[in-house]
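# Residue-level structure breakdown
What follows is each chain in one-letter form.
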Amino acid sequence: MFMLYGNILTLAGWRHGTLHAQGGRVSQIDARPATPDDNDDVYILPGFVDLHVHGGDGANIMDGADAAVTISRMHARHGTTSLLATTVNAPHERLSVLLQALAQPISHRPHNGARFLGVHLEGPYVNPGRLGGLPNHARPAVIAELEQYMATVPVRIVTLSPEIAGHDDIIEWLAARGVRAQIGHSLGTYEEGVAALDRGAAGFTHLYNAMSPLGHRAPGMVGAALAHAEYSELIPDLIHVHPGAMKVALRAIPKLYCVTDASLATGLPDGEYDKDEGRVITKCMGGVRLADGTLAGSALTMDQALRNLVSIGLTLDDASHRLSRNPADYLGVADRGRIGTGAWADWVVLDRQLQVQQVFVEGEQVYAA
Ligand SMILES: [Zn+2]
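All of these numbers come straight from a predicted model, not from anything done at the bench.

### With respect to empty space enclosed by the protein
Taking a probe equal in size to a water molecule and rolling it over the atoms shows the remaining empty space. Across all of its chains, the model carries 2 cavities of 30 Å³ or more by this definition. Along the wall of the largest cavity there are 13 residues; nearest its centre are His54, Asn60, Met62, Val88 and Lys275. Every element with two or more residues in the lining of the largest cavity is listed here: strand E8 (80-87) and strand E15 (271-276). Of the residues belonging to the lining of the largest cavity, the class tally is 5 nonpolar, 5 polar and 3 charged. Of the volumes computed, that of the second largest cavity is approximately 40 Å³. Every residue along the wall of the second largest cavity is listed here: Leu9, Thr10, Leu11, Pro46, Ser320, His321, Arg325, Gly337, Arg338 and Ile339. Secondary-structure elements contributing two or more residues to the lining of the second largest cavity are strand E1 (2-10) and helix H9 (316-323). Taken together, the residues of the lining of the second largest cavity sort by class into 4 nonpolar, 4 polar and 2 charged.

### Quick notes on the side chain of Ser212
Among the structural elements, Ser212 can be located in the loop between strand E12 (203-204) and helix H6 (220-228). Taking the relative accessible area as the measure of exposure, Ser212 reaches 11% and is therefore buried. Contact partners of Ser212, with chain neighbours within four places excluded, come to Arg130, Ser186, Leu187, Gly188, Gly220, Met221 and Val222.

### So, the environment of Val97
Examined against the element boundaries, Val97 turns out to sit in helix H2 (residues 92-107). Residue class for Val97 comes out exposed when judged on its relative accessible area of 54%. Each C-alpha atom, one on Val97 and one on Ala265, is 24 Å from the other, the two residues being 168 residues apart in sequence.

### Some remarks on the pairing of E8
With 8 of 8 residues buried, E8 is to be regarded as a mostly interior element. In the sheet, strand E5 (residues 48-53) pairs with E8 via 4 bridges, with the strands oriented parallel. Note that in E8 the partner of Val49 across the bridge is Ser82. Handedness of the crossover joining E8 and strand E9 (residues 115-122) through H2 is recorded here as right-handed.

### A look at the coordination of the zinc ion
Those donors, His52 (NE2), His54 (NE2), Glu122 (OE) and Asp261 (OD), are the protein atoms that reach the zinc ion, and they lie 2.0 to 2.3 Å from it. Classification of the site at the zinc ion rests on its 4 donor atoms, whose angles at the metal span 83 to 169°, yielding the label irregular. We note that the donor set of the zinc ion lies within a single chain, spaced as H-x1-H-x67-E-x138-D. In this pair, the class of His52 matches that of His54, namely buried.

Here is what the cut-offs are and how they apply
Residues numbered from 1 in each chain as written. Predicted model: local features only at pLDDT ≥ 70, side-chain atom pairs only at ≥ 80, totals over all residues. Heavy atoms only, no water. 1 Å grid on protein atoms, 1.4 Å probe; cavity = no way out; pocket = protein on both sides within 12 Å on 5 of 7 lines; lining within 4 Å. Points joined across faces, edges and corners; volume = space filled by probe spheres on them. Helix = DSSP H or I, 4+ residues; strand = E, 2+ residues; numbered from the N terminus. Nonpolar A, V, L, I, M, F, W, Y, C, P; charged D, E, K, R; others polar. Buried < 20%, exposed > 50% of the residue type's maximum accessible area, 1.4 Å probe, protein only. Contact = heavy atoms within 4.5 Å. Pairing = 2+ DSSP bridges. Right-handed = clockwise from strand over helix to strand, strands pointing away. Donors = N, O, S within 2.8 Å, 3.2 Å for Na, K, Ca; no water. Tetrahedral: all angles 85-135°; square planar, octahedral: opposite > 155°, others 65-115°.

Okay, here's the thing in structure tokens:
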């Protein structure tokens, strides 16, 4: 049993007082309603829930279990307490072997690391004409492959393009099994997006990036998201999406949530790095790009995402919801992404400049500045 004192963002709003944990979960909140402006104490927020992470600290999830451990620890130091191991387009054989290797770090949380809630398959079932930074292994979805992947690890999200023949049935098949079918890397029209939502698609992958844009006579996939989505990802590194377009999305999509889409270059100095399959990425000025300039994931961490959201005008509690509660709700995880009695003791403690001071995962302190 232990406790923390400060300004606590609880399910019921801001409280000032003491947070108690026992057995890895919140046991008691001994605090009175107060706004953080009343005092100089630290902020205690729910740990960040990042549903789109490829790498960090030089490690690439495509390299398997050791890489996953490095990634889980690196993002934990930045306040992420749970995440999805996010794969990219690859041949079936490689994905099969990879997912078998990831089963261990997913079922057993790495020491001093964040909890993997499962896998986000970003492709390979995407439009080969809209790869963005993904490798060129796009192909139509096959149920037998998905069944095999889902028998190996908890697959929570599948990013796919709805305009590919047969994918409307795949969306329905995934939705019936509780897997979030997420629209992304798509050249689909507005109408195809609306039809996919009707079939059970649940969200959109890095809204605006690698999807047909909004035109006022051809609203595209972006238009389908802005007009109809309940949930969508957004990368708030202020490079992938202009702050003005972020504000459009914040007005339009009630449960918009933020992801890092972090690449292996996250946490490394500027320079050139070997991404995968001989492809070189360059990290420079906060962005990560392929040789032709295409963005290839990000160098973002969730604590920087929080500071970025606040810098464009969000309140701290609104920013927190978009980094913790909304993504947890999207996955249907009711005991993470929030601070309330009975929820996991997943917390990030921040100073008044929103720099991470301490991080707790399931009641274990995994980082102290
Ligand atoms: Zn990605």
